[in-house]
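Residues per chain are reported as follows:
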Amino acid sequence: MKPYAWLAAALLAAATAVQAQEPIRIGSFLSVTGPAAFLGDPEQKTLELYVEKINAAGGVLGRKLQLIAYDSAGDAEKARAFTKRLIEQDKVDLMVGGSTTGETMAVVPLIEQAGMPFISLAGAVVIVDPVKK
């Protein structure tokens with residue numbers, strides 16, 4: 001083997017392994033329809049735009065992003081059901097959502113129990129005070 005050929009082979013193998021990695025799955029539940037659609041629809045479009053932009057730039061640490069999104073229509077019970085599905089079935093790595101405070105507060109216990117990073121898009125103080133796990 002030529003000098004440093006082993007290094008090139010190792011780098012090629014590492015690059016192939018990175019490309020074969022699973023995507024980072026981002027789960028979201030937003031009020032795309034319903035009374036809070038004026039919030040949820042642009043939030044959804046913004047998430048889609050950023051996922052596309054980040055993936056076009058190579059992803060995060062070589063991993064692509066995959067957005068799995070549901071329309072909760074501002075309904076706290078739908079938000080809970082979708083959150084449960086995102087955690088248990090879709091196996092997301094992190095969660096973004098809750099166009100409204102009601103949706104967000106309904107899912108906080110599920111997300112805390114899962115030990116998952118969560119970014120709420122709602123703006124009430126009760127979401128962050130007291131600070132959640």
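The notes below deal with the structure included here. What you see is a predicted model; the values in this text were computed from it and never measured.

Conventions adopted
- Here, residues in each chain are numbered from 1, in the same order as that chain's written sequence.
- Per-residue local features are limited, in this predicted model, to residues with pLDDT of at least 70; the limit for side-chain atom pairs, both in listing and counting, is 80 or more; totals at the level of whole chains, interfaces and linings are taken over all residues.
- In computing side-chain properties, one takes all heavy atoms of the structure into account and sets aside hydrogens as well as water.
- A run of H or I in DSSP becomes a helix once it reaches four residues, and a run of E becomes a strand once it reaches two; helices and strands are each numbered from the N terminus.
- Throughout, exposure labels follow a simple rule: accessible area from a 1.4 Å probe, protein chains only, divided by the maximum for the residue type, with under 20% read as buried, over 50% as exposed, and the rest as partly exposed.
- Whether two residues are in contact is decided by their heavy atoms, any of which lying within 4.5 Å being enough.
- A fitted line through C-alpha atoms serves as each axis, taken over the contacting stretch for helices, and the angle formed by two N-to-C directions is quoted from 0 to 180°.
- In this scheme, roughly parallel covers angles under 35 degrees and roughly antiparallel covers those over 145, while 65 to 115 is roughly perpendicular and the rest are oblique.
- Crossing handedness follows the turn of the near helix against the far one: under a right angle anticlockwise gives a left-handed crossing, and clockwise gives a right-handed one.
- Charged residues are taken to be Asp, Glu, Lys and Arg, nonpolar residues to be Ala, Val, Leu, Ile, Met, Phe, Trp, Tyr, Cys and Pro, and polar residues to be all remaining types, Gly included.
- The pairing criterion is simple: DSSP has to find at least two bridges between the two strands.
- Between Lys or Arg on one side and Asp or Glu on the other, a salt bridge is scored when a side-chain nitrogen of the former is within 4 Å of a carboxyl oxygen of the latter.
- What we call a nonpolar core is a set of buried Ala, Val, Leu, Ile, Met, Phe, Trp, Tyr and Cys residues that are connected through their side-chain atoms within 4.5 Å.

Some remarks on the overall build of the protein chain
The number of helices and strands found in the protein chain is four helices and four strands. Listing every helix and strand of the protein chain by position from the N terminus yields α-β-α-β-α-β-α-β. Residues classed as buried in the protein chain amount to 32% of the 133 residues present. Relative to all contacts within the protein chain whose residues are 6 or more apart in sequence, the contacts with residues 24 or more apart total 62%.

Digging into the packing of helix α3 (residues 76–88) against helix α4 (residues 101–114)
Relative orientation of the contacting elements α3 and α4 amounts to 25°, with a least axis distance of 8 Å. By the angle between their directions, the pair α3 and α4 is classed as roughly parallel. Where α3 crosses over α4, the two elements pack in a sense that is right-handed. Counting all contacts with α3, which are made through Ala 76, Ala 79, Arg 80, Thr 83, Lys 84 and Ile 87, the residues of α4 involved are Gly 102, Glu 103, Ala 106, Val 107, Leu 110, Ile 111 and Ala 114. For the contact of α3 with α4, a count of residues per class yields eight nonpolar, two polar and three charged.

Observations regarding the sheet that holds strand β2 (residues 65–71)
Paired through their backbone hydrogen bonds, the strands of a sheet run either parallel or antiparallel. The sheet built from four strands is open, its strands ordered β2-β1-β3-β4 with parallel pairing. Both outer strands of the open sheet, β2 and β4 (118–120), are each paired with one neighbouring strand and no more. This sheet shows a mean twist of 15° between the axes of neighbouring strands, independent of strand direction. In terms of strand pairing, strand β3 (residues 94–97) meets β4 through three bridges, oriented parallel.

Concerning the pattern of salt bridges
Tallied over the full model, the rule gives three salt bridges. We note a salt bridge from Lys 45 to Asp 41, for which the minimum N-O separation is 3.0 Å. Highlighted residues: Lys 45 and Asp 41, both in helix α2 (residues 37–56), separated by four residues, approximately one helical turn. Overall, Asp 41 belongs to the partly exposed group, its relative accessible area being 27%. For Glu 88, the salt bridge is made with Lys 84, and the minimal N-O distance between the two is 3.8 Å. With Glu 88 and Lys 84 both in helix α3, this residue pair falls four residues apart, about one helical turn.

Digging into unusual backbone geometry
Cis geometry is found at the peptide bond from Asp 129 to Pro 130, where omega equals 10°. Even without a glycine there, the phi angle at Ala 73 is positive, about 55°. The phi angle at Lys 91 is positive, at roughly 55°, despite the residue not being glycine. On the secondary structure map, Lys 91 appears in the loop between α3 and β3. Judged by its relative accessible area of 53%, Lys 91 falls in the exposed class.

Overview of the nonpolar core
Nonpolar side chains in soluble globular proteins generally cluster together in the buried interior. Core analysis: the largest hydrophobic core is formed by 11 residues, namely Phe 29, Ile 68, Tyr 70, Ala 79, Phe 82, Leu 86, Val 92, Met 95, Val 107, Ile 111 and Met 116. The biggest single contributor to this core is α3, with three residues. Those residues in contact with Met 95 that lie beyond four places of it in its chain are Gly 27, Phe 29, Thr 83, Leu 86, Ile 87, Ile 111, Met 116, Pro 117, Phe 118 and Ile 119. Counting seven residues, the second largest nonpolar core, distinct from the first, contains Ile 24, Ile 26, Leu 30 and Val 51.

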